[in-house]
Structures are given as structure tokens and as C-alpha cells.
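As a plain string of letters, each chain reads:
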Amino acid sequence: MKAMRDGFLATLLDRMQQRDDVFFLTADFGSPLLDRMRQEHPGRCINVGIAEQNLINVALGLALEGFKVYAYAIAPFLTMRCYEQIRVGLALHAQLRPVQVTLLGVGAGMSYEVSGPTHHCLEDLAILGVLPHMEIHAPSDAATAALLVDHTLEAPGPKYIRMEGKPLPDLQAKVSPAALEEGFRLLRPGRHLVLATGYMVHKALRIADRLSPGTLGVIDLLRPKPIRSRALQGLVAQASSVVTLEEGFLGSGGLDGMVAHFLREAGLHQPLNTFGLRDRYLFDLGSREYLHQCAGLGEDDLVAAMDKLFRGLCA
Amino acid sequence: MTAVPAIDLVAKCREVRRRTMEVNRIAPETRLSSSLSAVEILVALFYGGILAHKGAEPLWPGRDRFIASKGHGSIALFPILADRGYFPPSELDRVCQEGSFLGGIPDGIIPGYETTNGSLGHGPGVGAGMAVALKARGSESQVFVLVGDGELYEGSVWEAVMFAAARRLDNLTLVVDANQGAMLDFCRNIIDLEPMLARFEAFGWHAIEVDGHDVHAVQQALQHLSSQRQGRPKVLVARTIKGKGVPSLEGDPLSHIKAVSSDELDALIREYSS
């Protein structure tokens, strides 16, 4: 098992050996590989301190001068402490000039279980998704995170990469470039399709294993924004229903809203059911699964709920 | 190109002040009071041989970068940019009108504006990022950022101030248009920002102050700061008066949001034309 950030940083370090147009900024957030980067590229790796607003402003200044910039911090602080800098500096400027800034947020969802609601990141998809020009990637394993590096070096515009805080097993030995381009991969076929990102993809696979074979198909939505894939349209068109599963607040513009928009735009009329958090923060302490249970998203709860849901849809 | 020093800077300030009033006459939504306090600063930068720039090529790589972080209070830059060839002077006749790119809060769509500045407190950090980039590339270009003193209330300014000192960004100069006022009151009545120089010095900056309405003094101060490359970022605190040149605005704590009557503006425009 490998942490997503390690997958990403190892590849980025490799690319930095060959190019001098990269700056890596951190808001005092580290990793062993970052220590190596600071040693090997002391002029290109800057710790701005615990100062997320300045992190984004400095990133914009560098990007306007033509550098490819990475801004690295704990996900809730990276996306919410400096939201206005992201909006004005990155999204708005991206409409006028090249702004190649990649936000690397670590700690998606409830990655930092016992750190409590300040460190849970449940709103980021919704608030960054609402910004024009902002591309969002949500890898589900280290291998996929590593593959995103070249995309962030080449594709223009600001991007947010939402990474898990804890190591997860790689879901496939090799991710196809087509999956990255399409922004999704089908991990398991089934009559009903669950769309999820990151950690919740792993959970969806476990749920699928417990339902009758062929019932629940699992789609790893690697790029929640924008969702623009004819291949995905084709898959969904053949499904009996669509389900979203997220560590995010329902009805707030997060994954459920993004998928609903995709279905509408594609003219697909499959029933959509959504699983996520109700309007309530979690002060509970315990494992990821315990927190999910507190939020009604425990594995047993979801297996029972989906089984009932799918039976109802078939009746 | 760098301005020709032979320009009569005092006369240019009168002209820019008049044209700024004319813009406000057409577009009362523009912030006149906080723009008039910055006239001498902007004239010194663009006509006093401080900024390397090319109006016909706004993104010329060899330019010095200028960020008008107090965007709302930089309407005086419109006539300067038009005069310097960034866009046709006829654009000044349709500020804030349909089809114009010159709005009440200037955006990066305006040739000559490096960034979008409607929200305060961003410029110093963005300028610091540019300064890091220019150093990394070995460029001799410098970065100038204009802020208002009321803007110093933004915490992001001080994040950038700490950062710039730590990175020894001696190619970065902050110019504070210290016109003593925010929107609803004088700064001293909100949260006193003095002693301003001592505050910057405590953060490791090279700080000097000047009478912000003495254009030659501003020019000399900026020349001095431009030549200082000793590992410290620099700040010029320009002591100014909000609404400078409009008697009904000067000294009024609410001048930021106060409308000037068209009769008074017309009379002043005539006066400044003579």
C-alpha cells in the first residue's frame, strides 16, 4: 500500500530532474519525498509557512511568470482557508492568462478520522466544483495519482487533486491512459452503477462483493469535474439505475450534484440515488468505518439500503 | 520604454488629476477619492523613469511588473495607460459603459493591469511570487505593488510581508498610498496603523516615507528604492490625502463613498484645464 501523495511526488521528482519550470510550494505540510525534493531542488521548493492565502497568491505570481506551480497543504485548509484567493487568483485569472497551478490537497473526506471536523474535508468538491475553469481530480490509489503528474505539467488551467490521507491498495496494476482521458474507469460491471471517488471507491467494491453477483457495478470517477465522457454515457445508458456514494454533504453541489448534472446534460433518465452525509458535522471519534456508521454510511447500512433499493427498482 | 525624464511631472499630475475627474464625471461608480490620492505615485512610476514598460506590448518580458492592488483606487491609471499607448484614449469616454473594458474595479482584461485587483490584500503576495520568479530566471526586472493603507488590515498582506523578507526579495517594492482613510472612517479611528514605518522595519523591510503629493519627492524615493538591492524588500509609505484636489472630499472621513456634484466636478475640470 502506498500513499497517493508519495505516488504523485515520486513521479514529480523524476520530472523535475529534466525540467526547470516547476515550483513546489508547501504550507508547512510535508512528506519524506518532499524532504528529498527540498534537498535536491532547494531553489524550487518553498515552504511558505502556515499561510494558505499567501500560498495561493505566491503560486499565482509564479504562474503568471510562466512556471508550473504546485501548492501543497492539508485539503480542508488548502481549499477553504484561502478560497477567495483560489477564486480570484486562479479561477478568474485562468480566463485571461495561463495559470498552471495545481492544488495538491491531502486528507480527502474523513482521512484524518480522529482529528475531528476541522480536519475532515467534506465540502471541497462542492465549493471548488462551482468555480469556472477549475478541474478536479480524485484519484483512488497511488498509481493513479502518479499518472496525473504529466497531465498537470502539460494541461493549462488550475487543477485540484483531492488525495487520501492514508495509504490505500492500488486498485489496478496499470491504469490505462484512456481512463485518465475519459476521467473514469469501470472497475466492476453490474446492472446498477455506483459512481464514487477516492476511498469510497474501495468501499463501493466491498459493498458490491456483498450484493448478489452482477448487481452493483463500480465506477471510479477519477475526474469529478468536468465529467465529459461518451464512454461513460454509454455505460450509464445501459444501467438500471445510478448511485452516488460520497464523503460529502448531500444536496450541496458535491458528487451527487455533479453526477445529476452529467445525467441531465447527457439526456439520461436513469433513476439516481445518492448516499452521503446529511447536514451535520461529525464530532465522533473512532475508525473511518465507525465514523461512517455514525453518519449512516456504515458498510452494513449501505449493503442493506442498496439491496432494498435495487429490489424495489426491479419490482 | 522607460519614460523620458524631461516630462514636466507637476503638469502631468494636473492633467492626470483632471482626466481622472473626467472619468468620474462619465462614470460616477468609479472611486474618485481613493484614486486622486494616488495620482503623484502613478505619475512618478509611469513618467518618472521608474517603471520599464511598453504600452504597445503590455506583456513585454523585460517590463517591470506593476500591480495596482488597491484596484478600486487606481482609476487615475486609466488616463495614464491611455496616454502611454496601452489602449486608445477614446476608451476613456466610455468607462463603465456597455462594451467597455474599463470598469469601476479594474480587471486583468485591461492592458497594463497585470492582475485582477477588486479584492484587497492579494497584490503583495502575487507580487512576491512574481519577484521569486524573476529572480529564478535571473531577470533584472523589478516588481512594484501599490496598496492602500486601509488594505493593510487584510491579514494576507502580512503573510506576504513576512514571506518577502524571508526570501530576501529585494526586487520587490511596496508603495503604500497612505491616504489615512478606509471606507467608513479614518484609519486612526478604526485600528490605528501607525507607526507604519516601524512596523515594516520590524518585519525586516527597508522602509522610507515621503510626501505623496510631491511628485519629485516620490520619484526620488522610488529611484532610491529601485537602486537598493541589499537583500531586503522595500516599502515606500506615501503620505497622501484622500480626495486630493477636490475640496469637498479632502478631510471628509466618508470621502470614499461620497458623490461629488457634477457642478463641482465641472468647475474643477475647468480649473485644472487652465
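Remember, predicted model here, so these are calculated numbers, not experimental data.

Could you give me a rundown of unusual backbone geometry, with the residues and numbers involved?
All names here are of chain A. Going from Lys-225 to Pro-226, the amide bond is cis rather than trans, its omega being -5 degrees. Even without glycine at this site, His-133 takes up a positive phi of about 75 degrees. With respect to the element layout, His-133 can be found in the loop between helix H6 (124-129) and strand S5 (135-137). Judged by relative accessible area, which is 38%, His-133 ranks as partly exposed.

Let's hear about the sheet that holds strand S4 (residues 206-211) of chain B: which residues, and what values?
Residue and element names in this part refer to chain B. The five strands lie next to each other as S1-S2-S3-S5-S4, forming an open sheet whose pairing is parallel. The sheet is open, and its two borders are formed by strand S1 (65-68) and S4, each paired with just one other strand. On average, each strand axis in the sheet is tilted by 20 degrees relative to the strand beside it, whichever way the strands run. With six bridges connecting them, strand S2 (residues 143-148) and strand S3 (residues 172-178) associate as parallel partners. By the bridge assignment for S3, Val-143 is matched with Leu-172. Along the sheet, helix H5 (residues 123-136) makes contact with S1, S2 and S3, crossing S2 at roughly 175 degrees.

Requested: an account of the packing of helix H1 (residues 9-26) of chain B against helix H3 (residues 39-47) of chain B, with residues and values cited.
Residues and elements named next belong to chain B. At a minimum axis distance of 10 Å, the contact between H1 and H3 shows a crossing angle of 125 degrees. Classified by the interaxial angle, the pair formed by H1 and H3 is oblique. Handedness of the crossing formed by H1 with H3: right-handed. Between H1, through Leu-9, Lys-12, Cys-13, Val-16 and Arg-17, and H3, the contact on the second element is made entirely by Val-39, Glu-40, Val-43 and Tyr-47. Counted by class, the contact of H1 with H3 contains six nonpolar, no polar and three charged residues.

Lay out the sheet that holds strand S3 (residues 68-74) of chain A with the relevant residues and their values.
Residue and element names in this part refer to chain A. As summarised here, the arrangement of the six strands in space is S2-S1-S3-S4-S6-S5, forming an open sheet in which the pairing is parallel. The outermost strands of the open sheet, each flanked by one partner alone, are strand S2 (45-47) and S5. Across the sheet, the mean angle separating the axes of adjacent strands is 20 degrees when strand polarity is ignored. Sheet analysis places S3 next to strand S4 (residues 101-106), joined by six bridges and oriented parallel. Its bridge partner being in S4, Val-69 is matched across the sheet by Val-101. Packing against the sheet, helix H7 (residues 142-154) makes contact with strand S1 (22-26), S3, S4, S5 and strand S6 (159-163), and its axis sits at approximately 170 degrees to S6.

Go over the packing of aromatic side chains with me, naming the residues and quoting the values.
Residues and elements named next belong to chain A. All chains considered together, the criterion is met by 12 aromatic pairs over all chains. Centre to centre, the rings of Phe-24 and Tyr-72 are 5.4 Å apart; their planes meet at 55 degrees, and the pair counts as tilted. Remark: Tyr-72 occurs in strand S3 and Phe-24 occurs in strand S1; sequence separation between them is 48 residues. A residue is classified by how much of its surface remains accessible, and Phe-24, at 0% relative accessible area, is buried.

Report on the domain arrangement of chain A, specifying residues and quantitative values.
All names here are of chain A. Split by domain assignment, chain A resolves into domain 1 (4-163) and domain 2 (181-314). Look at where the C-alpha atoms of domain 1 and domain 2 centre, and you get two points 26 Å apart. Each side of the interface is counted separately: domain 1 has 28 residues, and domain 2 has 30 residues. Summing both sides of the interface, domain 1 and domain 2 together bury roughly 2,200 Å²; the carbon and sulfur share of this comes to 59%. For the domain 1 face of the interface with domain 2, the top three residues by lost area are Met-110, Leu-122 and Ser-140, together amounting to 28%. Across the contact surface, domain 1 and domain 2 share one salt bridge. Ionic pairing is found between Asp-141 and Arg-185, a salt bridge with its closest N-O pair at 3.0 Å. For the pair domain 1 and domain 2, the number of links is 12 residue pairs in polar contact (both at pLDDT 80 or more).

Rules used in this analysis
- Residues numbered from 1 in each chain as written.
- Chains lettered and ligands numbered in written order.
- Predicted model: local features only at pLDDT ≥ 70, side-chain atom pairs only at ≥ 80, totals over all residues.
- Heavy atoms only, no water.
- Helix = DSSP H or I, 4+ residues; strand = E, 2+ residues; numbered from the N terminus.
- Buried < 20%, exposed > 50% of the residue type's maximum accessible area, 1.4 Å probe, protein only.
- Pairing = 2+ DSSP bridges.
- Axes fitted to C-alpha atoms, helices over the stretch in contact; angles between N-to-C directions.
- Contact = heavy atoms within 4.5 Å.
- Parallel < 35°, antiparallel > 145°, perpendicular 65-115°, else oblique.
- Left-handed = near helix turned anticlockwise from the far one by under 90°.
- Nonpolar A, V, L, I, M, F, W, Y, C, P; charged D, E, K, R; others polar.
- Phe/Tyr/Trp six-rings, centres within 6.5 Å; stacked < 30°, edge-to-face > 60°.
- Domains from an automatic or database assignment.
- Buried area = accessible area lost by both parts, 1.4 Å probe.
- Salt bridge = Lys/Arg side-chain N within 4 Å of Asp/Glu carboxyl O.
- Polar contact = N/O pair within 3.5 Å; in protein donor to acceptor, adjacent residues only side chain to side chain.

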